[in-house]
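A look at the structure
Here are the chains, one letter per residue:
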Amino acid sequence: MRYRRLGRTDLQVSELSYGAARGAAQDPRGFIATVHACLDAGINFVDTAEGYDGGQSETVLGAALQGHDDVIVETKYCPYESYRVGAAFVGTPQALVASAEQSLRRLRRDRLDVLLGHGIRTLESLDRFMTGGCYDAMVRLREQGKVRFIGLSELSEGDGTHQVLQQAIPTGAFDVAMLTINLMLQTAEESAIPLCREHDVGTVVMMSLNQSSGQSGLTSLPAALELIRRYIAEGQLPDEPPWTEPDVLDFLEPYPIPEAAIRYVLSHEVSTCCVGMRSPERLEANLRALEPPYLDEARLQRLRELFGRIRRQVF
Ligand SMILES: NC(=O)c1ccc[n+]([C@@H]2O[C@H](COP(=O)([O-])OP(=O)(O)OC[C@H]3O[C@@H](n4cnc5c(N)ncnc54)[C@H](OP(=O)(O)O)[C@@H]3O)[C@@H](O)[C@H]2O)c1
């Protein structure tokens, strides 16, 4: 396993990390086995959130990580009614502190390594987060030693061009940003990633496989072709060859689509590629992508030509 610096936190994080959003409630034993396989492979960074699997993600993770205090855990407080794009902002400093305290209990830890504001989706709600007490509450938790580092995650289906991060990162307020870049939604390459580098903010990449629903996503060739069809239907890609051809992605061979997707992310200057995986077999497949230089310039260039115009995430 290779490790990369998580920006100004100076933590060294594994280039592949574990996204714990799914599986804890449905199959806790499989979830724990996957977490342990990740640790055996050298993964030292795990992403969760208070809301994942109704709190079960943190709870089962807390059990799985007993005796593994060296693993870096990132969790989040969501200041919205739900994860839906248009959901109302309901964040308060009291709720943020209560959420962080609950995360500490569920994770069975004395402090949270990274606490993020979860899915900040509009400039207006970023302003409310910063000026309405939530941000100050995060800073106080950090001063009290309950949180080591603070940051934000974006909501790419609402903000595909990273307006929130473009506003938030230069303020210097945050140590870590969780953002989307994948081989179809490439916008972070132009804006968010260079900005994070400039301000020495750690970058945790989410949705490397576009949070696949199984039917559409970067998890298999048919699912990736379906995702292209959805971008065409949205008017973000032309309804013509090569996008309509079944061989449009053949240039990625010999890599299977999920491996190519992880290689694509790791070709960028990001700290870690965080992938949701619900079995050690998935992990095994994804470890194959950890081979510098990940993807050659010809494939990267072709991906830019094909998908560089996409501005908004589609699932
Ligand atoms: N706004 C936010 O803050 C936000 C939003 C989204 C996600 N996140 C975080 O980012 C993490 C990663 O995102 P995600 O899990 O939603 O999406 P993702 O990593 O893009 O996709 C995960 C999906 O890919 C599948 N998969 C993984 N490796 C595979 C392989 N080798 N072959 C085929 N399928 C494979 C998984 O299937 P199985 O489950 O069947 O293994 C899972 O369904 C999440 O866990 C979460 O922690 C944060």
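Report follows, based on the coordinates. Quantities reported herein were computed from a predicted structural model and do not represent experimental measurements.

**Some details on the overall build of the protein chain**
When its secondary structure is counted, the protein chain shows 11 helices and 10 strands. Its C-alpha atoms give the protein chain a radius of gyration of 19 Å, near enough to 20 Å, the size a compact globule of 315 residues would have. Seen along its three principal axes, the alpha-carbon backbone of the protein chain occupies a region of about 55 × 40 × 35 Å. Scored against the burial criterion, the 315 residues of the protein chain give a buried share of 48%.

**Quick look at the sheet that holds strand β4 (residues 45-47)**
Read once around its circumference, the closed barrel built from 8 strands follows the order β3-β4-β5-β6-β7-β8-β9-β10, with strand pairing classed as parallel. Taken over all neighbouring pairs, the strand axes of this sheet differ in orientation by 30 degrees on average, direction set aside. Note that strand β6 (residues 112-120) and strand β7 (residues 147-154) share 6 bridges and pair parallel. In the sheet register, G117 faces β7, and the bridge partner there is L152. Contacts from helix α3 (residues 93-107) reach β5 (72-77), β6 and β7, with the element oriented near 145 degrees to β5.

**Section: helix α8 (residues 221-233)**
End to end, α8 covers 18 Å across 13 residues, agreeing with the expected 18 Å (1.5 Å per residue, within 8%). Within α8 the residues assigned to the buried category are A224, L227, I228 and Y231. Relative to the axis of α8, the buried residues are bounded by an arc of 100 degrees and lie together on one face. Set apart from the buried face of α8 by more than 90 degrees, the exposed residues are P222 and A233. Those residues of α8 hidden inside the fold are in contact with α9 (257-266). A positive phi of about 80 degrees marks G235, the residue just after α8.

**Notes on the packing of helix α2 (residues 56-64) against α3**
Between α2 and α3, the least distance of the axes is 7 Å, while the angle of their chain directions is 40 degrees. Considering the angle they form, α2 stands oblique to α3. In contact with E58, T59, L61 and G62 of α2, α3 contributes S103, R106 and L107. Of the residues in the contact of α2 with α3, the class split is 2 nonpolar, 3 polar and 2 charged.

**What to know about helix α5 (residues 134-143)**
Turning to α5, its buried residues number three or more, namely C134, Y135, A137, M138 and L141. The arc enclosing the buried residues of α5, seen along the axis, measures out at 160 degrees, which places them on a common side. With respect to the buried face of α5, the exposed residues turned more than 90 degrees away are V139 and E143. On the buried face of α5, the contacting elements are α3, β6, α4 (123-131) and β7. In the stretch just after α5, G145 is the one whose phi turns positive, near 80 degrees.

**Notes on the pairing of β6**
Of all the 9 residues making up β6, 9 are buried; the element is thus mostly covered by neighbouring parts of the structure. Across 4 bridges, the pairing between β5 and β6 is parallel. Its bridge partner being in β6, T75 is matched across the sheet by L115. The parallel pair β5 and β6 is bridged by α3, and the resulting crossover is right-handed.

Thresholds applied
- Residues numbered from 1 in each chain as written.
- Predicted model: local features only at pLDDT ≥ 70, side-chain atom pairs only at ≥ 80, totals over all residues.
- Helix = DSSP H or I, 4+ residues; strand = E, 2+ residues; numbered from the N terminus.
- Rg over C-alpha atoms; globule rule 2.2 N^0.38 Å.
- Buried ≥ 20, exposed ≤ 12 C-beta atoms within 10 Å, placed from the backbone.
- Pairing = 2+ DSSP bridges.
- Axes fitted to C-alpha atoms, helices over the stretch in contact; angles between N-to-C directions.
- Contact = placed C-beta atoms within 7 Å.
- Expected span 1.5 Å × (residues − 1).
- Arc of directions from axis to C-beta.
- Parallel < 35°, antiparallel > 145°, perpendicular 65-115°, else oblique.
- Nonpolar A, V, L, I, M, F, W, Y, C, P; charged D, E, K, R; others polar.
- Right-handed = clockwise from strand over helix to strand, strands pointing away.

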